[in-house]
Amino acid sequence: ETNTTEDGTHNLQNHENSPIKCLLLCTKANDAIPALNSVWDRLISSPLSSPAKVIILSNGALAIRDAIYKHFGGHNAGPGTHTFDQRVQIFLATTTHGAYKNQSSQSTNNGENICHYSTTHAGEGSTHCTNEEFVHMCQSIGWKSAVLSDFDMNVMLWKKLAVNC
């Protein structure tokens, strides 16, 4: 449930204890476990008939996945899916969209420099995921998307890592 404040921002209400059905994890690798720790109880409160989904869409997704297994004690539940207590499923995702951050400096009247940042979309790519539902959502907003097997996702992520080294 959300409400809009006078300044146009949105505040979530009554969300502290509600179950999370799907979480898109887009953190830096070092922040992934603390971020999941902060909401893990809400993820595992999902009913067994409808496990929560965590989709890792971050640089370092393979390392993040391994850290989640180690920290939360997960196990492989079949191709492309890893389950924790049968209440949380882990999926991998990656995108080839390109973007970079621009920085410009501007001097003020008193000689101080103020830095401004903006983001430039450098190229349209595609988004891949081991979860079919997430891919369909991406396609519904016009993104090029495809479902990959767990093996193909691992290969793609290793190739991205090699290119970025």
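Residues numbered from 1 in each chain as written. Predicted model: local features only at pLDDT ≥ 70, side-chain atom pairs only at ≥ 80, totals over all residues. Heavy atoms only, no water.

Chemist: How should I be thinking about the packing of aromatic side chains in this particular structure?
Modeler: Any pair of aromatic rings gets described here by the distance separating the centres and the angle formed by the planes. Tallied over the full model, the rule gives one aromatic pair. For the pair Trp40 and Phe72, a centre-to-centre distance of 3.8 Å together with 15 degrees between the ring planes defines the contact as stacked. With Trp40 in helix 1 (residues 32–43) and Phe72 in helix 2 (residues 61–72), this pair connects stretches of sequence that are 32 residues apart. Among the residues examined, Phe72 registers a relative accessible area of 18% and is labelled buried. (Phe/Tyr/Trp six-rings, centres within 6.5 Å; stacked < 30°, edge-to-face > 60°. Helix = DSSP H or I, 4+ residues; strand = E, 2+ residues; numbered from the N terminus. Buried < 20%, exposed > 50% of the residue type's maximum accessible area, 1.4 Å probe, protein only.)

Chemist: Looking at this structure, I do not really get the pairing of strand 10 (residues 126–129). What am I missing?
Modeler: In regular strands, side chains alternate between the two faces of the sheet. Residues of strand 10 alternate between two faces, with Ser126 and His128 on one and Thr127 and Cys129 on the opposite face, all of them buried. Sheet analysis places strand 7 (residues 88–95) next to strand 10, joined by three bridges and oriented antiparallel. Paired with Ala93 across the strands is Cys129, a residue of strand 10. Judged from the four bridges that link them, strand 10 and strand 11 (residues 144–147) form a sheet pairing that is parallel. Across the sheet, the residue bridging to Thr127 is Ser145, located in strand 11. With helix 3 (residues 132–140) bridging strand 10 and its parallel neighbour strand 11, the resulting β-α-β unit is right-handed. (Pairing = 2+ DSSP bridges. Right-handed = clockwise from strand over helix to strand, strands pointing away.)

Chemist: What's the story with helix 1 in this structure? I'm lost.
Modeler: Since the α-helix turns once every 3.6 residues, residues separated by three or four places project in the same direction. Its twelve residues place the ends of helix 1 only 14 Å apart at the C-alpha level, less than the 16 Å of an ideal helix rising 1.5 Å per residue. Of the residues making up helix 1, those classed as buried are Ala32, Ile33, Leu36, Val39, Trp40, Arg42 and Leu43. Taken end-on, helix 1 shows its buried residues confined to a sector of 155 degrees, consistent with a single buried face. Relative to its buried face, helix 1 has exposed residues pointing more than 90 degrees away, namely Ser38 and Asp41. (Expected span 1.5 Å × (residues − 1). Arc of directions from axis to C-beta.)

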